[in-house]
Amino acid sequence: MYLRVGPILALLSGWTASLPAQAPNLTVPVQIDTLANGLTLIVHEDHSVPIIAVNMWYHVGSGDEKPGRTGFAHLFEHLMFMGSEHAEYPAFDRLLEAAGGDNNGSTTEDRTNYYESGPRSALPLMLWLEADRMGWLLPTMTREKVDLQRDVVKNERRQSYENRPYGLADETMLRMLYPAAHPYSWPVIGSMTDLTAASVEDVMEFFRKYYAPNNAALVVAGDVAFADVKAQVERYFGEIPRGPPIERPEAPAFSLARDTAAVLEDKVQLPRVYARWHTVKGFTPDDAPLELLAYILAGEKNSRLTERLVYQEQLATNVVAYEDGKRLDGDFTIFATARPEHSLTEIKAAIDEELVRLAASGPTDRELRQAQNATEAGFLQSLERVSSKADQLNAYYYRTGQPDYFQRHLDRYRAVTVQDIQRVAQQYLGARRVLLSVVPEGHRELAATPKEATP
């Protein structure tokens, strides 16, 4: 399989210009060093354009939280932008903007990242700012800051969950699928009750435990030289003390005892049906076949569910499928929104028929090739920006221990066979599942019938 990816090739160091029978090897070369305090430094030199990216991953997410104290990882992401001892709020943003850079952060179940990008001349400033909030944030932590960001996060939750159409569906399905003690049984943003209960002392203890150099990895990518980066990182981060050893929660093994169905009334006009199955961790052998299975079902206009539900029978306005393989566990989701005059029971029956058909005969060779080509093209396009490469290097390092995992990542998809797709369809999507119907308020009769919950 060979794809023409144009200007992307110039941005991927090590990608040769020859035209062999199969695609050339993709490599993003790096140099790695570890400071005495445990901070991992990963440097990728890309001199194609004079820009740089700084990408810090703290190995903590909502999956490291405990029941009753959810939402801390995301709350702390907000607090990290509230100023530190030598860069008081709002100096972080103002200094970066004046230097031509930008920054942001995000939180998932497994990690929290912070990143900056801009001209190469801004590298010392970026490193100094990141080091100051790693090493000198606590002296500036106040109840006023915690209360302010607590309210911001609560408002964000209202916008994304309580006041958003279908916004509570995912949180509801997490509780349905995962056992109560499982670290993925609550959403990344946490609950209103737990956010209200968070004290300044709780927040400071969270920082001491997780925001230490030995629980972080720093990627610097772009128009840089390793020796220079290493010297600056030693200068700015070297005196920050190592934190305590971290004991990470284990995800309890589980299986669904039976199919489970629920109904959620919401301020929506059109009903929507969700189905979710328990699958596997990311980067395990069945993760890639499940991702391609999702594409075959709903990744394109001619995908099986999209073509039938949206175009042929016009039962649904949309249909979505995705595999979410995380660090500790994974799940597979399909959802579809009904067109007026059509029911969720009709939609669910059509979905189940297609799943049974796919499990019985597998995909065609053409379907598999399309899924592989589209997945590879999307992956390569995501690497056009040096900031995207920096984040991917950090992701690979945390999940596999090898930052330059790019070719092996592609090889996972290239190795998938028609038989693999058929097998995972049988094994995972033929197993017990949770089914959620989201219906307009007062119209529970529009829910999909629970008795048909198993294909």
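Residues numbered from 1 in each chain as written. Predicted model: local features only at pLDDT ≥ 70, side-chain atom pairs only at ≥ 80, totals over all residues. Heavy atoms only, no water.

### Quick look at the sheet that holds strand β13 (residues 434-440)
So, point 1. With respect to topology, five strands assemble into an open sheet ordered β9-β13-β10-β12-β11, the strand pairing being mixed. Looking at the sheet topology across the chains shown, the edges are occupied by β9 (260-266) and β11 (316-325). Taken pair by pair, the neighbouring strands of this sheet meet at an average axis angle of 15 degrees, ignoring direction.
So, point 2. Note: β11 against strand β12 (residues 330-338), nine bridges, orientation antiparallel. For Asn 318, the partnering residue across the bridge sits in β12 and is Thr 337.
So, point 3. Taken strand by strand, helix α11 (residues 304-312) contacts β11 and β12, and its axis lies near 160 degrees from that of β11. (Pairing = 2+ DSSP bridges. Helix = DSSP H or I, 4+ residues; strand = E, 2+ residues; numbered from the N terminus. Axes fitted to C-alpha atoms, helices over the stretch in contact; angles between N-to-C directions. Contact = heavy atoms within 4.5 Å.)

### Remarks on the environment of Gln 232
So, point 1. Mapped onto the secondary structure, Gln 232 falls in helix α9 (residues 226-237).
So, point 2. A relative accessible area of 12% means that Gln 232 is categorised as buried.
So, point 3. Between the C-alpha atoms of Gln 232 and Leu 127, which are 105 residues apart in sequence, the distance is 7.6 Å.
So, point 4. Contacts of Gln 232, omitting those with residues within four sequence positions, involve Leu 123, Pro 124 and Leu 127. (Buried < 20%, exposed > 50% of the residue type's maximum accessible area, 1.4 Å probe, protein only.)

### A closer look at empty space enclosed by the protein
So, point 1. For the structure shown, the criterion picks out three cavities of 30 Å³ or more.
So, point 2. In terms of lining residues, the largest cavity is bounded by Val 273, Tyr 274, Ala 275, Ile 334, Lys 348, Ile 351, Asp 352, Arg 433 and Leu 435.
So, point 3. Of all elements in the fold, only β10 (272-278) and α12 (344-361) reach the threshold of two or more residues within the lining of the largest cavity.
So, point 4. Split into classes, the residues belonging to the lining of the largest cavity amount to six nonpolar, no polar and three charged.
So, point 5. A volume near 40 Å³ is recorded for the second largest cavity.
So, point 6. Lining the second largest cavity are Met 80, Phe 81, Met 82, Gly 83, Ser 84, Ala 87, Phe 92 and Arg 133.
So, point 7. Classifying every residue of the lining of the second largest cavity gives five nonpolar, two polar and one charged. (1 Å grid on protein atoms, 1.4 Å probe; cavity = no way out; pocket = protein on both sides within 12 Å on 5 of 7 lines; lining within 4 Å. Points joined across faces, edges and corners; volume = space filled by probe spheres on them. Nonpolar A, V, L, I, M, F, W, Y, C, P; charged D, E, K, R; others polar.)

### A word on the pattern of salt bridges
So, point 1. Enumeration over the complete set of coordinates arrives at 29 salt bridges.
So, point 2. Glu 171 is the partner of Arg 157 in a salt bridge, and the nearest nitrogen-oxygen pair spans 2.7 Å. In this pair, Arg 157 sits in helix α5 (residues 143-162) while Glu 171 sits in helix α6 (residues 169-177), placing the two residues 14 residues apart along the sequence.
So, point 3. Given a relative accessible area of 4%, Arg 157 falls into the buried group.
So, point 4. The class for Glu 171 is buried, based on a relative accessible area of 9%.
So, point 5. The residue Arg 308 makes a salt bridge to Glu 313 at a minimum N-O spacing of 2.9 Å.
So, point 6. The exposure class of Glu 313 is partly exposed, given its relative accessible area of 36%. (Salt bridge = Lys/Arg side-chain N within 4 Å of Asp/Glu carboxyl O.)

### Comments concerning the nonpolar core
So, point 1. If you look at the biggest cluster of nonpolar residues, it comprises 54 residues, and the most contacted ones within it are Phe 76, Tyr 211, Leu 218 and Phe 237.
So, point 2. A per-element tally of this core places helix α4 (residues 123-135) first, with seven residues.
So, point 3. Those residues in contact with Tyr 211 that sit more than four places away from it in its chain are Tyr 58, Val 60, Phe 76, Glu 77, Met 80, Thr 112, Tyr 114, Met 134 and Phe 206. (Core = buried A, V, L, I, M, F, W, Y, C linked by side-chain atoms within 4.5 Å.)

### Description of the environment of Ala 262
So, point 1. Tracing the sequence through the fold places Ala 262 in strand β9.
So, point 2. For Ala 262, a relative accessible area of 26% puts it in the partly exposed group.
So, point 3. Put simply, Ala 262 and Ser 437 are 175 residues apart on the chain and 6.4 Å apart in space, counted from C-alpha to C-alpha.

### Here we look at unusual backbone geometry
So, point 1. Residue Pro 90 is reached from Tyr 89 by a cis peptide bond, and omega for that bond is 5 degrees.
So, point 2. Relative to the helices and strands, Pro 90 resides in the loop between β5 (87-88) and α3 (91-98).
So, point 3. The phi angle at Glu 341 is positive, at roughly 75 degrees, despite the residue not being glycine.
So, point 4. Mapped onto the elements, Glu 341 comes out in the loop between β12 and α12.
So, point 5. Taking relative accessible area as the criterion, Glu 341 reaches 79% and is therefore assigned exposed.

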